[in-house]
Amino acid sequence: MNNTVLEFKNVWKTYTMGYEMINALAGLNLALKEGSFTAVMGPSGSGKSTFLHVAGILDIPSRGIIKINGKETKKLSAKEQARLRRDEIGFIFQRFNLMSQLTVLENVILPMIKEDSRKAKKILDSLGLNGKYNKLPGQLSGGEQQRVAIARALINDPSIILADEPTGELDTKNADSIMQVLQDLNRKEGVSIVMVTHNPASAEFADEILHMSDGNFLNGSK
Ligand code: ADP
Ligand code: MG
């Protein structure tokens, strides 16, 4: 039996800009099973990033229910939300978002509550980054930097990876190898993945493709 890792019930996110109201999310419903790999596609401004941000408790919805591993995020204290985010969710961003003044190893250790450089090195090694521990992000290629970001996202053994255009800054070869890494994580480690992408070749790695338009999912998947 697969549990539901991420559930949305009638989720809205409304921004007010002067007199104008923008529904970045307009009544989203979703139930993703443990071990699923979902791609989200859609035009710019359709609400994809907002969807990932509220899914990862980086932002709060205006209305509706979000459950992560059965826990309703709205009912948790700020401290419990932070703990859930840290323990269950790994983020990967388009522009890697590494700390430029910290080494590769330091970047990966950063989200750990208890520093464990052996574990960090093991994850880096598994991503082909042995020998790069003491480099600065600026000394690495884009593909390597994204691998460091993936290592950082994995350091607390999350159940869900949320990725916002993880291949958006990469050339075809690097994009493909990053997608291979994500697919292996999903298939071998059972990590659930939700990935926003503009790249049809990247989306093909997912088991299901959701299409977003005006703050909602259109029917129809892969
Ligand atoms: P996408 O990632 O699909 O390009 P976003 O989730 O970034 O879309 O944005 C969805 C809509 O919400 C857009 O119309 C955007 O302008 C608006 N929006 C996003 N963030 C904010 C914000 N902080 N304040 C006001 N409007 C926002
Ligand atoms: Mg976006």
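Check the entry above for the structure.
Undergrad: Sorry if this is basic, but what is going on with the packing of aromatic side chains here?
TA: The geometry of an aromatic ring pair is captured by the separation of the ring centres together with the interplanar angle, meaning the angle of the planes. Applying the stated criterion across every chain, the model contains three aromatic pairs. Each residue in the set Phe-8, Phe-51 and Phe-217 is aromatic and connected to the rest through ring pairs, giving one cluster.

Undergrad: How do you make sense of the site of ligand 1 when you look at a structure like this?
TA: In the vicinity of ligand 1, the residues found are Tyr-15, Met-17, Ile-22, Ala-24, Pro-43, Ser-44, Gly-45, Ser-46, Gly-47, Lys-48, Ser-49 and Thr-50. Interatomic distance of 3.1 Å between a backbone N/O atom of Gly-47 and an oxygen atom of ligand 1. Within the contact set of ligand 1, an oxygen atom lies 2.5 Å away from a side-chain nitrogen or oxygen of Thr-50. In isolation ligand 1 exposes 560 Å². Once the protein is present, 64% of that is buried. Put simply, the parts of the chain that give the shell around ligand 1 at least two residues each are β1 (4-17), β2 (20-33) and α1 (48-55). The biggest single contributor to the shell around ligand 1 is α1, with three residues.

Undergrad: How should I be thinking about the pairing of β2 in this particular structure?
TA: As a general feature of sheets, a regular strand has side chains that alternate between the two faces. Summarising the sheet, β1 and β2 pair through 11 bridges and their orientation is antiparallel. By the bridge assignment for β2, Val-11 is matched with Leu-28. Counted along the chain from β1 to the antiparallel partner β2, the turn is two residues long, and its residue Gly-18 has a positive phi close to 65°.

Undergrad: What is the right way to look at the sheet that holds strand β4 (residues 63-68) in this model?
TA: The pairing of strands in a sheet happens through backbone hydrogen bonds and is either parallel or antiparallel. Read from one edge of the open sheet, four strands run β2-β1-β4-β5, paired in antiparallel fashion. Two strands close off the open sheet at either side, each with one partner strand: β2 and β5 (71-72).

Undergrad: What am I meant to see in the layout of surface pockets here?
TA: If a probe as big as a water molecule is rolled over the atoms, it shows which places are left empty. Reported here for the largest pocket is a volume of approximately 320 Å³. Taken together, Ile-123, Ser-126, Leu-127, Leu-154, Asp-157, Pro-158, Val-181, Asp-184, Leu-185, Lys-188, Glu-189 and Val-191 form the lining of the largest pocket. Elements with a contribution of two residues or more to the lining of the largest pocket: α4 (117-126) and α6 (172-189). Examining the composition of the lining of the largest pocket, we find that five residues originate from one element, α6, more than from any other. Residues belonging to the lining of the largest pocket are distributed by class as follows: seven nonpolar, one polar and four charged. Along its surface, the second largest pocket is lined by Arg-85, Arg-86, Ile-89, Gly-90, Phe-91, Phe-93, Pro-111, Arg-152, Ala-153, Ile-155, Asn-156 and Pro-158. Sort the elements by how many residues they give to the lining of the second largest pocket and strand β6 (residues 89-93) lands first, with four residues. Residues belonging to the lining of the second largest pocket are distributed by class as follows: seven nonpolar, two polar and three charged.

Cut-off values and rules
Residues numbered from 1 in each chain as written. Chains lettered and ligands numbered in written order. Predicted model: local features only at pLDDT ≥ 70, side-chain atom pairs only at ≥ 80, totals over all residues. Heavy atoms only, no water. Phe/Tyr/Trp six-rings, centres within 6.5 Å; stacked < 30°, edge-to-face > 60°. Near = heavy atom within 4 Å. Polar contact = N/O pair within 3.5 Å; in protein donor to acceptor, adjacent residues only side chain to side chain. Areas by Shrake-Rupley, 256 points an atom, 1.4 Å probe, with all protein chains shown as cover. Helix = DSSP H or I, 4+ residues; strand = E, 2+ residues; numbered from the N terminus. Pairing = 2+ DSSP bridges. 1 Å grid on protein atoms, 1.4 Å probe; cavity = no way out; pocket = protein on both sides within 12 Å on 5 of 7 lines; lining within 4 Å. Points joined across faces, edges and corners; volume = space filled by probe spheres on them. Nonpolar A, V, L, I, M, F, W, Y, C, P; charged D, E, K, R; others polar.

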